[in-house]
Structure formats: structure tokens, C-alpha cells
Amino acid sequence: MSNNNSYRTVYAFAREMYPKKKDTYLQYGTAGFRTKATELHHVMYRMGLLAVLRARYKKGVIGVMVTASHNPEADNGVKIIDPRGEMLEEAWESWATKFANVVDEKLEDTINEVIKLFNIDNMNDRVEIVIGKDTRPSSLPLAKAVQDGVLALSGKPIDYGIVTTPQVHYFVVCKNTNRAYGQPTEEGYYRKLINAFLRVRGDKYNKGNYENRLMYDGANGVGAKKVKYLREVLKESLLVEMYNDEIIGSGKLNHLCGADYVKSQQKFPNGVPKEKNTRCCSVDGDADRIVYYYLDDNERFHLLDGDRIATLAASYLKELLQKTGLDLKIGLVQSAYANGASTEYISNKLNISVSCTATGVKHLHRKALTYDIGVYFEANGHGTVVFSNNAKQKLVATARNNSTSADHKEACFKLLDVIDLINETVGDAISDMLLVETILHERGWDVKQWEECYTDLPNKLLKVTVKDRNVVTTTDAERICVTPEGLQDEINTIVSKYKKGRSFVRASGTEDIIRVYAEAATKEDTELLAIEVAQKVYELAGGIGPAPELPN
Ligand SMILES: CC(=O)N[C@H]1[C@@H](OP(=O)(O)O)O[C@H](CO)[C@@H](O)[C@@H]1O
Ligand SMILES: [Mg+2]
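This one's a predicted model, so the numbers in the text were calculated from it and none came from an experiment.

> When you look at the packing of aromatic side chains in this model, what are you seeing that I'm missing?
What characterises a pair of aromatic rings is the spacing of the ring centres plus the angle enclosed by the ring planes. Under the criterion given, the structure shown has 19 aromatic pairs. Through a chain of ring-to-ring contacts, three or more aromatic side chains come together here, namely Tyr160, Tyr170, Phe171, Tyr181, Tyr189, Tyr190 and Tyr229. Here the guanidinium or amino end of arginine 54 rests over the ring plane of tryptophan 92, the centre of that ring lying 4.8 Å away. A cation sits over an aromatic face here: arginine 308 above tyrosine 454, 4.0 Å from the ring centre.

> What is the right way to look at the UniProt feature "domain: Alpha-D-phosphohexomutase C-terminal" (unreviewed entry) in the chain in this model?
Residues annotated in UniProt with the feature "domain: Alpha-D-phosphohexomutase C-terminal" (unreviewed entry) correspond here to residues 486–535. The straight-line gap between the two end C-alpha atoms of residues 486–535 is 14 Å; of that span, 44% is helix and 24% is strand.

> Sorry if this is basic, but what is going on with the site of ligand 1 here?
If you check the shell around ligand 1, you find Thr30, Ala31, Tyr337, Thr359, Gly360, Glu378, Asn380, Arg506, Ser508, Gly509, Thr510 and Arg515 and nothing else. The protein chains hide 89% of the 430 Å² of surface that ligand 1 would expose on its own. Class assignment of the residues belonging to the shell around ligand 1 gives a composition of two nonpolar, seven polar and three charged. Both domains that furnish three or more residues to the shell around ligand 1 are identified here as domain 3 (307–430) and domain 4 (459–540).

> Just to check I follow, could you spell out the pattern of salt bridges for this structure?
Under the definition given, this model contains 42 salt bridges. Put simply, glutamate 16 and arginine 15 hold a salt bridge, and the shortest N to O gap is 3.4 Å. Between arginine 136 and aspartate 134 there is a salt bridge, with the nearest N and O atoms lying 2.5 Å from each other. The burial state of arginine 136 is the same as that of aspartate 134; both residues are buried. Linked by salt bridges that have partners in common, Arg54, Asp82 and Glu89 make up one network.

> I'm lost on the UniProt feature "binding site: Mg(2+)" (unreviewed entry) in the chain in this one. Help?
Feature annotation in UniProt places "binding site: Mg(2+)" (unreviewed entry) on Ser69, Asp284, Asp286 and Asp288, given in this structure's numbering. These annotated residues cover 220 residues of sequence, but their C-alpha atoms sit close together, with the largest distance between any two at 8.2 Å. Residue position: aspartate 284 is located in the loop between strand 8 (280–283) and strand 9 (290–295). Residues contacting aspartate 284, with those up to four places away along its chain left out, are Ser69, His70, Ala219, Asn254, Ala259 and Arg289. A polar contact is formed between the side chain of aspartate 284 and the backbone nitrogen of alanine 287, at a distance of 3.0 Å. Here aspartate 286 lies in the loop between strand 8 and strand 9. What makes aspartate 286 buried here is its relative accessible area of 0%. Ignoring anything within four residues of it in the chain, the contact list for aspartate 286 reads Thr67, Ser69, Lys79, Thr164, Thr165, Pro166 and Val222. At 3.3 Å, the side chain of aspartate 286 forms a polar contact with the side chain of lysine 79.

Cut-offs and rules
Residues numbered from 1 in each chain as written. Chains lettered and ligands numbered in written order. Predicted model: local features only at pLDDT ≥ 70, side-chain atom pairs only at ≥ 80, totals over all residues. Heavy atoms only, no water. Phe/Tyr/Trp six-rings, centres within 6.5 Å; stacked < 30°, edge-to-face > 60°. Lys NZ or Arg CZ within 6 Å of the ring centre and 35° of its normal. UniProt positions renumbered as here; feature names shortened; annotations may be inferred. Helix = DSSP H or I, 4+ residues; strand = E, 2+ residues; numbered from the N terminus. Near = heavy atom within 4 Å. Areas by Shrake-Rupley, 256 points an atom, 1.4 Å probe, with all protein chains shown as cover. Nonpolar A, V, L, I, M, F, W, Y, C, P; charged D, E, K, R; others polar. Domains from an automatic or database assignment. Salt bridge = Lys/Arg side-chain N within 4 Å of Asp/Glu carboxyl O. Buried < 20%, exposed > 50% of the residue type's maximum accessible area, 1.4 Å probe, protein only. Contact = heavy atoms within 4.5 Å. Polar contact = N/O pair within 3.5 Å; in protein donor to acceptor, adjacent residues only side chain to side chain.

Here is the structure:
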């Protein structure tokens with residue numbers, strides 16, 4: 001593109017509507033940009049510009065989601081979605097960072113650098129950019145800024161309004177596969193999921209110990225809004241009782257409720273009635289994560305997190321696969337935060353291959369794609385299942401082949417339905433919920449039977465504030481600390497004192513802190529182990545503020 005009118009528009013817009021006011025350096029992290037909503041207007045505009053360049057380079061549709069997920073309501077953020085529904089390619093993350101930080105006057109030069117480097121010669125293509133936003137009040141003007149960025153480079157913004165993050169991933173894939181993956185509309189999304197769910201469920205809604213009633217915590221966000229439609233269509237097949245719904249309640253987004261609160265505090269959320277032995281689930285602020293839980297007879301809280309969903313899904317898919325008679329490779333992918341007991345259960349009881357990657361769904365997703373059936377979940381409840389083209393083709397061919405036995409045929413059709421109820425593009429709270437409900441229903445299990453599969457090791461996650469989080473570097477899927485020198489040796493010495501002890505430290509990609517994870521045979525030991533390791537981090541990695549203290 002030459003130095004013409006469009007350029008003046010880009011710069012004029014930047015200067016007049018979305019000027020960069022402060023010098024704060026922002027980094028495109030594990031989940032894109034995330035900070036106070038008031039700091040993000042220029043970033044959104046610039047992500048609109050970058051999305052157009054990326055779309056022209058990839059010759060496909062790109063997605064942009066405005067959300068700060070589980071963060072407080074005053075925060076916001078943005079993530080870019082690549083044509084195959086994946087997170088933005090890492091090589092472009094640094095361009096996103098550069099775009100967010102250059103001064104207004106340098107914006108055009110930076111656009112030119114990208115055009116030149118990637119040889120983008122189709123700058124007149126009217127590429128489509130799918131834009132979605134969560135329910136935060138700040139999301140409306142911020143999504144408008146993204147649109148203006150898209151328009152400034154003559155792209156075509158497609159505004160889907162308030163939708164979940166996984167819906168945006170789904171729309172992008174539908175558009176880029178010429179609708180082979182589904183219709184790129186909200187209705188198309190629900191229809192695909194719900195039709196599959198209803199086919200698998202059949203007309204017997206309660207089975208064995210399974211009861212088709214579920215208490216659902218919508219975190220006062222988009223997850224509540226979207227489940228309403230689902231409830232209407234599911235009718236009697238699944239009775240979803242909704243709580244923490246911003247429309248009828250007065251609750252604040254993610255405040256004392258939602259998947260992140262429940263998982264990290266290991267507590268029952270506010271706003272949900274404390275009913276004993278009832279299956280409950282919570283989603284997060286953009287509905288890409290889900291965790292389950294219940295209160296026992298003594299009102300003790302029991303959590304069934306992402307590791308539980310992963311093991312439930314993998315064991316079910318393995319069983320179903322065996323019934324098809326097909327030889328396909330199934331594997332499960334976790335991060336180092338997965339509970340050690342789950343990893344042991346997968347390898348020793350389920351006999352399913354398990355691998356560990358760095359934190360962040362893009363890493364888990366990529367590894368999962370190396371299997372025919374790749375199940376991946378972070379312990380916090382973010383995950384899905386991906387199926388290779390080879391798997392899908394074999395299933396369709398076997399299901400249609402007249403010489404296939406009736407049993408094998410039935411299993412193939414069922415697995416194809418299960419594939420349809422899974423959002424393969426990214427972790428999706430609503431789709432994951434339908435999957436869990438399907439499996440529990442089929443097995444006739446209540447939530448306790450699900451929990452009985454294995455016993456979680458007590459675990460603890462701590463944060464240590466340090467001067468510069470980049471001093472902590474790791475290797476081996478973040479399980480070994482490389483720098484500061486000597487820290488890993490100290491961790492090894494501490495861990496060796498505890499039965500079933502395991503601990504690792506890494507710099508968070510979304511917060512300016514170091515995370516410490518610990519697990520051990522008892523709760524008391526776990527607390528001690530976590531604090532001891534946190535103290536070493538504080539000492540050797542430049543801790544600031546109050547030092548971590550042992551409990552009295
Ligand atoms: C321990 C933990 O839960 N880490 C989260 C958190 O990443 P950190 O890099 O640890 O800040 O946010 C990510 C994005 O939502 C999520 O993918 C990840 O699982
Ligand atoms: Mg989220």
C-alpha cells in the first residue's frame with residue numbers, strides 16, 4: 001500500500017480517537033493483552049489494524065475477542081484468533097506487542113514493516129474480521145475501537161456482539177472451512193451442539209444414579225446469558241438451574257463466584273444455594289472454562305476440576321473407540337499444574353498415553369493435535385478434545401460400510417455425534433458441560449462416583465511478587481527452574497523432605513508474579529512445602545514486599 005489517503009486515515013484516527021496516552025509497556029501474554037480497561041483503547045484500535053494485516057497474510061478470516069475472562073470487572077483485554085481457531089501464532093505475538101507500544105507517529109512505519117517482512121501484496125483485499133465481546137461495560141467502546149482499526153485498513157468487521165470466547169473461535173473456523181465445520185451463526189453453534197447432545201442422550205433422561213439436574217453458576221457474565229437459550233432448547237433433557245446471572249441478580253462479574261474463584265479458592269461460590277450432594281458447575285467470565293463440585297453430607301466442599309473432566313472424557317472416548325473396532329491413537333495432554341494423582345491414574349489405570357506441555361492452551365492444543373483423539377485440559381478447567389481428519393474419515397467410512405458389524409456401526413455413529421457436541425476449536429464451558437453430562441448420563445453415575453476414580457493429592461498454588469519476573473526461567477515443560485542459579489537445587493532439597501512431594505515455580509504469563517505450585521501426601525505438608533519453596537523464590541529471585549510466611 002502506498003503512502004496514500006488510507007494511511008492518513010490510520011494515523012488521523014490514532015491521533016484523534018485512540019491516542020496512546022501513557023508510556024506503560026504492555027505485553028501480549030498467554031491470553032493476549034490484559035490490564036485496566038481504561039488503558040486499552042489505543043491497544044484495541046491497533047489490534048484491529050494488526051488483525052487485518054494477519055488476515056491478508058493468511059488469506060483467511062481472523063477473530064478478535066474483547067474480554068478479560070476471569071479478571072475483575074474493571075479489567076479488560078483482547079486476544080486474536082488465527083484462521084484455524086487457534087491462538088495467534090507466537091511469531092506474531094511480538095508484533096502485537098510492538099503494535100501496542102509504538103508511539104502514534106510510528107504506527108504507519110510499523111504497519112509498513114509488517115507488510116514488507118511478510119510480503120503482503122494483497123493490501124486491497126476486503127478481509128473479514130470476526131469480533132466478539134464479553135458483558136463488561138467497557139467492552140462496548142473497546143470493541144468499537146477494534147472495529148475502527150479494522151475499518152481504517154479497509155477490512156470488514158463482522159460484529160457478533162456479546163458472545164463467549166469459544167463462540168468466536170467457532171465462527172472463525174466455520175468461515176474458514178466454508179461452513180464445513182458448521183454455520184457461522186449463534187444459532188448454528190447451538191444447533192450443532194444440542195442436536196448431537198439430544199441424539200446421544202435419547203429419551204431416557206435419568207439413568208442409574210445420574211439425575212438430569214445441574215446447578216449452574218454463570219459468574220454474572222456471558223456464560224449466564226448464553227445458557228438461557230440452551231436451557232430453552234434442552235427442555236426436560238437436562239434441567240440447568242441458573243445462578244449468578246447478571247440480568248436478574250445484582251452480582252458483579254466473577255466476584256466471589258465463577259470457575260476461577262471456585263478452583264483457586266477451592267470454595268463453594270456465593271449466590272448458589274448450598275444443597276448437599278447436588279452436582280454444580282461454574283464457568284468463567286468468557287465461558288471458556290468450567291469446573292464441577294458438590295457439597296457432601298457434612299457440607300464439605302469437593303472439587304472436580306479440569307483434570308477430572310480430562311480423565312472422564314479420555315476414559316469414555318477410549319471405551320467408545322474400542323467399540324468401533326478402529327485402531328486410532330488416543331492421548332491426553334496436561335500442564336505441570338495437573339494433579340499428580342490424575343497423571344498416575346491416566347497412565348496406570350486408564351493406560352492412556354499422557355504428555356505434559358508448558359502452561360497455556362496453545363501449547364496443550366498443539367500437542368493434542370499429534371493424536372487421532374487428543375484430549376487436553378488445564379487443571380483450571382480450560383480444555384477440549386481434538387480429532388484428526390484421519391479419525392473422522394475412518395469413522396465416517398466405517399459407519400457407512402455395509403460390511404461393518406451392527407455394534408461397530410453403532411459405536412461409530414455415536415462417536416461421530418460426540419465429536420459434534422465438542423467444540424474442537426478451543427476449550428468451551430458450554431460444550432464441555434454437555435460432554436460431562438453425556439458421559440455421566442451414559443454411565444449412570446452421580447458426582448460421587450465420578451470423584452471415586454482417584455483421590456486428588458492436596459495441592460497449593462501461591463504467588464510471589466518479585467522485582468523482575470523474567471529472572472525465573474524454566475525448562476522441561478516448566479517443571480525445572482534454570483535461573484536463578486541454585487534455585488532448582490534448593491527446591492529439590494525441600495521437596496525431598498515431603499512424602500509424595502512435588503513443587504515447581506515459573507513466571508506467570510498473565511500477572512506480574514512468580515507462581516509456586518506444591519503438592520504432597522497431606523494438606524499440612526502441602527502448605528509447608530509451598531511456603532518453603534515460596535520463601536526460596538523470594539530470597540533468590542528478588543522478592544519484594546512482605547516475605548512469604550509459615551503459618552503459625
Ligand atoms: C496456573 C494457572 O491457572 N495459570 C493460568 C494463567 O496463566 P499464567 O501464565 O499462569 O498466569 O492464565 C492462563 C490464561 O487464562 C491459563 O491458560 C493458565 O492456566
Ligand atoms: Mg476464560
